[in-house]
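Structural characterization, general
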Amino acid sequence: MNNQADPLLITSLQNPKIKQAVKLRERHARKQTDLFLIEGYRELLRAVDAGRKMETLFFCPELYLGTNEASLIQKIAKTGASLYQCTESVFKKLSYRDRPDGLIAIAPQFHLSLEDLGKQLKNQNNPFLIVAEAIEKPGNLGTILRCSDAVGLDALIVCDACTDIHNPNVVRASVGTLFTVPVIESQGAETLQWLKQKGISILAATPHAKQELADIDLTGPLAIAVGTEQLGLSPQWMEQADIQVRIPMYGIADSLNVAMATTILLYEALRQRKGKK
């Protein structure tokens, strides 16, 4: 293990550690190793504060954007991570950002199931959840996570995943909230059955619904279901939904980006739930 006091300096793009890290941009490599990349100061800080451990940390002081990087590196070192200092050219090869800030880690993936969620909600009598079915774009999934954190959501359930939740762009778009919101990985049919058993109402948004979002009581146990960018929710979710609502739209567009629509749905539910307290 390399500690902070005496990290190895990597100057070659052919270094095996760099090659391993670059491979983790690809889904098949992440699946094969059960590892993923976390890049960025805020993302790493939130991961560490959430108790996530790192296997490896690459850093480049020439690219730091602030003054607190050293203390964060010290925290990461205490988790047992190996530290490697990189030259600027090597780090930019490793980074997947246009403006890297000099910090990238390799960490073990963390997987939660519906069984784990059941344990988490054992003493929660009014759960507030999102179900994201087959979201295709990492940026949308990351934005949904960011909003989920903002409203204090109990968990995000990712069903029939098209996008790997450990995709580097999910981590980036979530600004590290991947580590603050419990993310459950499940299949659609299994999730539907679980929600019904738990007595959690399923809300689906569709332009064809008769009732508008603000006219529906969203203060009880609730799972807001959102679907693919192009097609929306699948028939099985639309048919099984307890509530169908539409977001009012007064322009020529007939739909919103899934992340934007999710934000509106979550904040209306939050407004009602806070008003009930």
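Residues numbered from 1 in each chain as written. Predicted model: local features only at pLDDT ≥ 70, side-chain atom pairs only at ≥ 80, totals over all residues. Heavy atoms only, no water.

Another point: the packing of aromatic side chains. The geometry of an aromatic ring pair is captured by two quantities: the separation of the ring centres and the angle between the planes. Inspection of the entire model under this criterion finds two aromatic pairs. Over the face of the ring belonging to F128 we find R273, whose NZ or CZ atom lies 4.5 Å from the ring centre. (Phe/Tyr/Trp six-rings, centres within 6.5 Å; stacked < 30°, edge-to-face > 60°. Lys NZ or Arg CZ within 6 Å of the ring centre and 35° of its normal.)

The next point concerns the domain arrangement of the protein chain. For the protein chain, the assigned domains are domain 1 (8-108) and domain 2 (114-276). Computed from C-alpha atoms alone, the centre-to-centre distance between domain 1 and domain 2 is 31 Å. Counting residues at the interface gives 15 residues for domain 1 and 14 residues for domain 2. Note on domain 1 versus domain 2: buried area summed over both sides is about 1300 Å², and carbon and sulfur give 59% of it. The interface formed by domain 1 and domain 2 holds one salt bridge in total. Of the charged contacts, one joins R30 and D164 as a salt bridge, the two residues approaching to 2.6 Å between their closest N and O atoms. (Domains from an automatic or database assignment. Contact = heavy atoms within 4.5 Å. Buried area = accessible area lost by both parts, 1.4 Å probe. Salt bridge = Lys/Arg side-chain N within 4 Å of Asp/Glu carboxyl O.)

The next thing to look at is the nonpolar core. Within the largest apolar cluster, 52 residues are counted, with the highest numbers of intra-cluster contacts made by I38, L44, M54, L156 and I224. The dominant element in this core, judged by the number of residues it contributes, is helix 11 (residues 258-276), at seven residues. Looking at this core, you find at least three residues from each of domain 1 (8-108) and domain 2 (114-276). Residues within four places of I224 in sequence aside, it is in contact with F128, L129, I130, V131, L203, L265, L266 and A269. By size, the runner-up hydrophobic cluster in this structure holds 22 residues, among which are I200, A204, A225 and M238. (Core = buried A, V, L, I, M, F, W, Y, C linked by side-chain atoms within 4.5 Å. Buried < 20%, exposed > 50% of the residue type's maximum accessible area, 1.4 Å probe, protein only. Helix = DSSP H or I, 4+ residues; strand = E, 2+ residues; numbered from the N terminus.)

This part covers the UniProt feature "domain: RNA 2-O ribose methyltransferase substrate binding" (unreviewed entry) in the protein chain. Sequence positions flagged by UniProt for "domain: RNA 2-O ribose methyltransferase substrate binding" (unreviewed entry) are, in local numbering, residues 37-113. The span residues 37-113 is 34% helical and 23% strand by assignment, and the distance between its end C-alpha atoms comes to 22 Å. (UniProt positions renumbered as here; feature names shortened; annotations may be inferred.)

Okay, the pairing of strand 5 (residues 103-108) next. Along strand 5, five of the six residues are buried, which leaves the element largely enclosed by surrounding structure. Bridging between strand 2 (residues 35-39) and strand 5 involves five bridges; their strand directions are antiparallel. From the neighbouring strand, I38 faces strand 5, where its bridge partner is A105. (Pairing = 2+ DSSP bridges.)

Right, let's talk about the side chain of S174 for a bit. Here S174 shows up in helix 8 (residues 168-174). For S174, the side chain forms a polar contact with the main-chain oxygen of V171, separated by 3.0 Å. Among residues more than four places away in sequence, those in contact with S174 are G142, L145 and R146. (Polar contact = N/O pair within 3.5 Å; in protein donor to acceptor, adjacent residues only side chain to side chain.)

The strand order 1-4-3-5-2 describes an open sheet built from five strands, whose pairing is mixed. Two strands close off the open sheet at either side, each with one partner strand: strand 1 (8-10) and strand 2. The mean angle between the axes of side-by-side strands here comes to 25°, regardless of whether they run parallel or antiparallel. (Axes fitted to C-alpha atoms, helices over the stretch in contact; angles between N-to-C directions.)

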